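Take a look at the letters that make up each chain.
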Amino acid sequence: MKKAIYWFRKNLRTHDNPSLNKAIKENDELLFVHVMDLKVFNPINSDTEKVGEYRKKFLIESILNLKKDLNHISIKLMILEGNILEIFDDLKKYSSTVYATKEVGTYEEREEKILYDNDFNLNLFEDQNLFESKKLPYKIDQLPLIFTHFRKKVEKLVVVRDVEKFDPTIKSKNDYLSPFTIQLEHLMIDTNLNSSYTFIGGENNGLNRLKNYLWKSKNIEKYKETRNGLIGTEYSSKFSAYLCLGCISPVMIYQEVKRYEKEIKKNSSTYWLIFELLWREFFRYVYLKAKNKIFLKDGINGNIFSKNFNNDLKLFEKWKNGETGQEFIDANMKELKETGFMSNRGRQNVASYLINNLDLNWIWGASFFEKHLIDYDVTSNWCNWMYIAGVGNNTRNWVFNPERQSELHDKKGIYRSMWLKKNGQLNINLGSNKQ
């Protein structure tokens, strides 16, 4: 009998999961595990806070949703916590063959190396990519600096695979006892009434959001026009939270959008959602080329705009607590702390403010986002921060003027009043005409 371990990582789903299907096809029996490691949520000592409660809540919900769904088809998911090598050394009593998704990031690759170095037969698949690296029309070390060059070539030459159906016909090892097993329980946190979206983790909620945003509301047809919004559930897709933990795959989203274009309507907004998926894909390859440079102050391109990147903890405390006195910035930071989410427009502005107005080290901001964002994705987060800091995949110095941005995106001050607990009109200084 062929036996193996199936290790759920950041692919907490059964639908469109190539590594899972491969493990089922090649084995007679599988042991299903997920390893919790909350230490990775506090990697940089510039900020002593632990992982944000909302991010932790969403992760736990996603794991428990997967466990429940698997249980319905008589598969037990073991949730384990502890040292990665000690855990798998214990599991080796069952099998030394492991199937999992190939992840990007320092900690993720370190886990893989530990297993490789200790003679595990590790079978990794690119479940989290829009397309496999072998389809990339570049060698990794030849990846262009500028996204547009990547996008145009990929759109011309790369075919995205079809969605894979889940095959549940596998015998599950349900009586294995591990000393590292933990009983995971839901984290009960009240949802802020001003939250732009009630994020509940799990594959079922990810699939429902995809269905609702495309086929029920058809709000995808307005995505390009509304994506810079600040308030409400429908100004953006909200897919990012489900993508970051693999509750839904980028291929599933891509193919559903393509089907929508074929059956209902194709316009600039349907394309723009695919455009954003390509940005996500690009940043994954940026990491594979640059590795740990994306976490360094000078990034992958050097400090070509001579930013200061100072280390002033008092100023940083004001920024992260929403106490800078700049209302648009403070409102966005309050939303992040109180919900675990912030709009894309908000993220660009608070990052620019930290870097260009406060002259602070962008790494501190990226680390703070890592702890608190429900939809934290290692490459999207750090590469976007590099971009605003001017040390990443750009040749333009991006500076956002928060007063001007307030006038463009919150003219009546409704968003600021919502998060700053103010009533009536806010005093708005239009400032300069920068971004």
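Our subject is the structure listed above.
Predicted, not measured: the structure shown is a model, and the values here were computed from it. (Residues numbered from 1 in each chain as written. Predicted model: local features only at pLDDT ≥ 70, side-chain atom pairs only at ≥ 80, totals over all residues. Heavy atoms only, no water.)

## Points about the side chain of Glu261
Put simply, the test is: To qualify as a helix, a DSSP run of H or I must reach at least 4 residues; to qualify as a strand, a run of E must reach at least 2; elements of each kind are numbered from the N terminus. Polar contact criterion, stated in full: a pair of N or O atoms within 3.5 Å, where within protein one must be able to donate a hydrogen and the other to accept it, and residues adjacent in sequence count only if both atoms are side-chain atoms. Here a residue-residue contact requires only that any non-hydrogen atoms of the pair lie within 4.5 Å.
Secondary-structure assignment places Glu261 in helix α9 (residues 250-263). In this structure the side chain of Glu261 is engaged in a polar contact, spanning 2.8 Å, whose partner is the side chain of Thr270. For Glu261, the residues in contact, after removing those within four places along its chain, are Lys266, Thr270 and Tyr271.

## Describing α9
Test applied: To estimate how far a helix should reach, multiply one less than its number of residues by 1.5 Å. Under the scheme applied here, a residue whose accessible area is under 20% of the maximum for its type counts as buried, over 50% as exposed, and between as partly exposed, the area being computed with a 1.4 Å probe on protein chains only.
The end-to-end C-alpha distance of α9 is 20 Å, a good match for the 20 Å that 14 residues give at a rise of 1.5 Å each. Within α9, 10 of the 14 residues are buried, which leaves it mostly tucked inside the rest of the structure. Taken as a whole, α9 has its buried residues at Pro250, Val251, Met252, Ile253, Tyr254, Gln255, Glu256, Val257, Tyr260 and Glu261. Check the buried side of α9 and you find it contacts α6 (203-216), α8 (240-244) and α10 (268-290).

## Digging into the pattern of salt bridges
As a reminder of what qualifies: Within this document, salt bridges are pairs made up of a side-chain nitrogen of Lys or Arg and a carboxyl oxygen of Asp or Glu, the two lying within 4 Å of each other.
Per the counting criterion, the structure on display carries 25 salt bridges. The partner of Asp16 in a salt bridge is Arg161, with the nearest N and O atoms 2.6 Å apart. Separated by 145 residues along the polypeptide, Asp16 in the loop between β1 (3-8) and α1 (18-26) and Arg161 in the loop between α5 (147-157) and β6 (171-172) bring together distant segments of the chain. Here Asp16 falls in the buried class, since its relative accessible area comes to 0%. A residue is classified by how much of its surface remains accessible, and Arg161, at 13% relative accessible area, is buried. As a salt-bridge pair, Asp90 and Lys93 come within 3.0 Å of each other at their nearest N and O atoms. Taking the relative accessible area as the measure of exposure, Lys93 reaches 63% and is therefore exposed.

## Some words on the layout of surface pockets
The condition that has to hold: We place a 1 Å grid over just the protein atoms. Points where a 1.4 Å probe fits but has no way out form a cavity, open points with protein on both sides within 12 Å along at least 5 of 7 lines form a pocket, and any residue with an atom within 4 Å of a point lines it. Grid points are joined across faces, edges and corners, and a volume is the space filled by probe spheres set on the points. Three classes are used: nonpolar for Ala, Val, Leu, Ile, Met, Phe, Trp, Tyr, Cys and Pro, charged for Asp, Glu, Lys and Arg, and polar for all others, with Gly counted as polar.
If you add up the space inside the largest pocket, you get close to 1500 Å³. Lining the largest pocket we find 48 residues, and of these Glu276, Trp279, Asn344, Gln348 and Asn384 sit closest to its centre. Looking at which element gives the most residues to the lining of the largest pocket, the answer is α10, with eight residues. Class assignment for the residues of the lining of the largest pocket results in 24 nonpolar, 15 polar and nine charged.

## Description of the side chain of Arg161
Here Asp16 takes part through its side chain, which lies 2.6 Å from a polar atom of the side chain of Arg161. When near neighbours in sequence (up to four residues on either side) are disregarded, Arg161 contacts Asp16, Pro18, Asp127, Glu132, Lys135, Val251 and Gln255.

## A closer look at the nonpolar core
Basically, it comes down to this: The nonpolar core is taken to be a set of buried Ala, Val, Leu, Ile, Met, Phe, Trp, Tyr and Cys residues, with the residues joined through side-chain atoms within 4.5 Å.
Judged by nonpolar contacts, the single largest core of 108 residues is most densely connected at Phe150, Trp319 and Trp362. Looking at this core element by element, the count peaks at 13 residues for α10. Apart from the residues within four sequence positions on either side, Phe150 is in contact with Phe131, Leu136, Tyr138, Leu143, Pro144, Leu278, Glu281, Phe282 and Tyr285. One finds Val35, Val98, Leu115 and Tyr176 within the second-largest nonpolar core, a separate group that totals 19 residues.

## Thoughts on the packing of helix α13 (residues 344-357) against helix α15 (residues 378-389)
Put simply, the test is: All axes here are fitted lines through C-alpha atoms, helices being fitted over the stretch that makes contact, and every angle between N-to-C directions spans 0 to 180 degrees. Angle categories: roughly parallel below 35 degrees, roughly antiparallel above 145, roughly perpendicular from 65 to 115, and oblique for all the rest. Left-handed describes a crossing whose near helix is turned anticlockwise from the far helix by less than a right angle; the clockwise case is right-handed.
Where α13 contacts α15, the two axes come as close as 9 Å, and the packing angle between them is 55°. The angle between α13 and α15 places the two elements in the oblique class. When you trace α13 past α15, the crossing you get is right-handed. On α15, the residues touching Gln348, Ala351, Ser352, Leu354 and Ile355 of α13 are Trp385, Ile388 and Ala389. Each residue belonging to the contact of α13 with α15 can be placed in one class, and the counts come to six nonpolar, two polar and no charged.

All we've got here are geometric facts, nothing functional implied.
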